[in-house]
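Summary of structural features
In case you want the letters, here they are:
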Amino acid sequence: MILQFLLAMIATSSFAVLFCVPKDQFLFSSLTGALGWISYLIFCRLGCGVVTASLLATFFLTIISRFFAALCKNPVTLYLVTGIFTLVPGAGIYYASYYFIMDNMASFAEKGTETFKIAGAITIGIIFGFSIPQKLFSCRFPAKPENKN
Amino acid sequence: MSDSREILTLAVEIGDVLLRSGGEIYRVEDTILLILNAFGIDDYDVYVLSNGIFASANEDKEDACSIIRHVPLGDVHLGKIAAINQLSREICAHECDVNEAWKRLDACKALPFQKPLVQKICCGVGCACFCSIFGGRTLDAFFALLLGFFLQSLRLGQQKRGASNFFIDIIGSAFLTASSLVLLNIGLPVLQDKIVIGSIVPLLPGIALTTSIRDLFNGDYLSGAIHLLDALLTAMCIAIGVGTVMILYRNLPGGVLLP
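Just so it is clear, the structure is predicted and the values come from calculations on it, not from any experiment.

Another aspect to go through is the domain arrangement of chain B. Residues and elements named next belong to chain B. Each assigned domain of chain B is listed with its residue range as follows: domain 1 (4–109) and domain 2 (116–250). Taking the mean C-alpha position of each, domain 1 and domain 2 sit 34 Å from one another. Taken residue by residue, the interface counts 12 residues in domain 1 and 12 residues in domain 2. Both faces combined, the contact of domain 1 with domain 2 buries some 960 Å², and carbon together with sulfur accounts for 57% of it. When the area that domain 1 buries against domain 2 is broken down by residue, the three leading residues are Glu24, Tyr26 and Ser50, summing to 40%. Taken together, domain 1 and domain 2 are joined by 4 residue pairs in polar contact (both at pLDDT 80 or more). In terms of residues, the side of domain 1 that touches domain 2 owes the most to one element, strand β1 (residues 44–49), which gives 3 residues. Partitioning the side of domain 1 that touches domain 2 into residue classes produces 7 nonpolar, 3 polar and 2 charged.

Attention now moves to the sheet that holds strand β3 (residues 65–70) of chain B. Residue and element names in this part refer to chain B. Across the sheet, 3 strands lie side by side as β1-β2-β3; this open sheet has antiparallel pairing. Either end of the sheet is taken by a strand with one partner, and the two such strands are β1 and β3. Averaged over all pairs of adjacent strands, the angle between strand axes in this sheet comes to 5°, irrespective of strand direction.

What counts as what
- Position numbers for residues count from 1 along each chain, tracking the sequence in the order it is written.
- Lettering of chains starts at A and numbering of ligands starts at 1, both following the order in which they are written.
- Local features are withheld for residues below a pLDDT of 70 in this predicted model, meaning they are given only at 70 or higher, and side-chain atom pairs are given and counted only at 80 or more; totals for whole chains, interfaces and linings count all residues.
- By convention in this description, side-chain values take in all heavy atoms of the structure and omit both hydrogens and water.
- Residue ranges for the domains trace back to a domain assignment, done automatically or taken from a database.
- Note on contacts: a residue pair qualifies if any of its non-hydrogen atoms lie within 4.5 Å across the two residues.
- Put simply, buried area is how much 1.4 Å-probe accessible surface two parts lose in total, over both of them, once they are put together.
- Under the rule applied, a polar contact is a pair of N or O atoms within 3.5 Å (in protein, one hydrogen donor and one hydrogen acceptor; residues adjacent in sequence only if both atoms are side-chain atoms).
- By definition, any uninterrupted DSSP run of H or I lasting at least four residues is a helix, any uninterrupted run of E lasting at least two residues is a strand, and each is numbered from the N terminus.
- The residue classification treats Ala, Val, Leu, Ile, Met, Phe, Trp, Tyr, Cys and Pro as nonpolar and Asp, Glu, Lys and Arg as charged. All others, Gly included, are polar.
- Whether two strands pair depends on DSSP finding at least two bridges between them.
- A fitted line through C-alpha atoms serves as each axis, taken over the contacting stretch for helices, and the angle formed by two N-to-C directions is quoted from 0 to 180°.

Here's what the structure looks like:
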C-alpha cells in the first residue's frame, strides 16, 4: 500500500512536470494524485465495485484539490488535472478495443460499458465535489492581507 | 485614466493566455470581468468559448470598442494559469497599473515549457510508475519507461511537423502496442497488456474530460460539448491505434498467441 502510494506520487509528479505545474506546487499535486489513487484502492478493497470506487475516489480527489487550492491560493485545476490521471480508465479503453478486435463481443460489451460507467462516475464525482460551497474551504484560511481580492 | 481600448485589449489578452493554457471557461470569463471592473470600466459584455473570446466595452459611449479573438486549443501549461491567477489578483487589489500589468503579462507569456529531454524522461518515469500501480512487474515497468520516453519523443517530433493531435494519438498508441507485441514475441516474460496500459496514460484525455465536466457543470454547454467531443475522439483514436496493430498482428503468421 505504501509502495503504491509512493509510486502514484512519483507518477503524478512526473505528469505535473509535463504540464508545467509551478515547482513549489509539485508536492501538493502529487499528494492529490496519490491520495486519490489510494482512496480508490481502499474503496475497492472495502468491496465497492470499480465504478462506485471511481466515483468516491474522484469525489475525494476533488475535495482534496479544492482544499489545496484554498490553502495555496491557486487555481484548483493545478491539482485536479494532474491528480485525475490515476483514475481515468485507460485500461478500459485498451481492453475494450482488444476484445473488439478479438471478436470477443461479450467481454467487449462488458469492458466497454464499464469504461463508460467509470467515465460517468468520474463526472458525477467531480460535480459532487464542486457542489460543496466554497465557503467551507476558504473560511478556514482567511485571505492573507496582501492577497485580498 | 487610460484609454478603454487599451484596458479591454489587456483584459482579453490575459484571458487569451489563460484559455490557451487550458483554463476553464468561467475562470477566463471571471478574470476578464474582474480586470475590466478593477480598471473602472463598468459597461461591458464578455462571451468566452473554448476557442474564442468576444468582448466589448463602453458600447454606447464615444470610446466604444470590441474585440474578437480566435484561440486555438493549445498545449496545457498550468504554470501560466497559476501566474495569471496571481496577476489578476494583484490587478483587482489595485496594486498594478496598466503598464505594469502588460509587463507582467509578457513575463507570464514567456514562461517556458519544460525542455524536451526533461519531458521525455518525466513521461518515461510516469509511464513506469503507472504501469507498476496498474499491476505490472518490475520488468514491465522498465519497458514502460523506455516506451514512455520514445512516445514523448514521437509526440514532440510529430508536433514539430504540425501533425494533428488525432494523428499523434493514433500513431502513438499503435507504436506502443506494436513495440509491446515485439517484446512479447522475442520471448521476454512480460505482461504485454500492463505495459500498454501503463504507457498509454500520457495519451489519455484526462484534461479534456475534467475541463469539459467543469464547463458543463458551470452552464457553459457549448464549450463543455467541445471539450467532451475532444475527449471522446481522443479515446476513439487510442482505440483505433491499438486495434489496427492488433488486427495486423493477428493476421501475421507465426505470432505468439495472445492470452
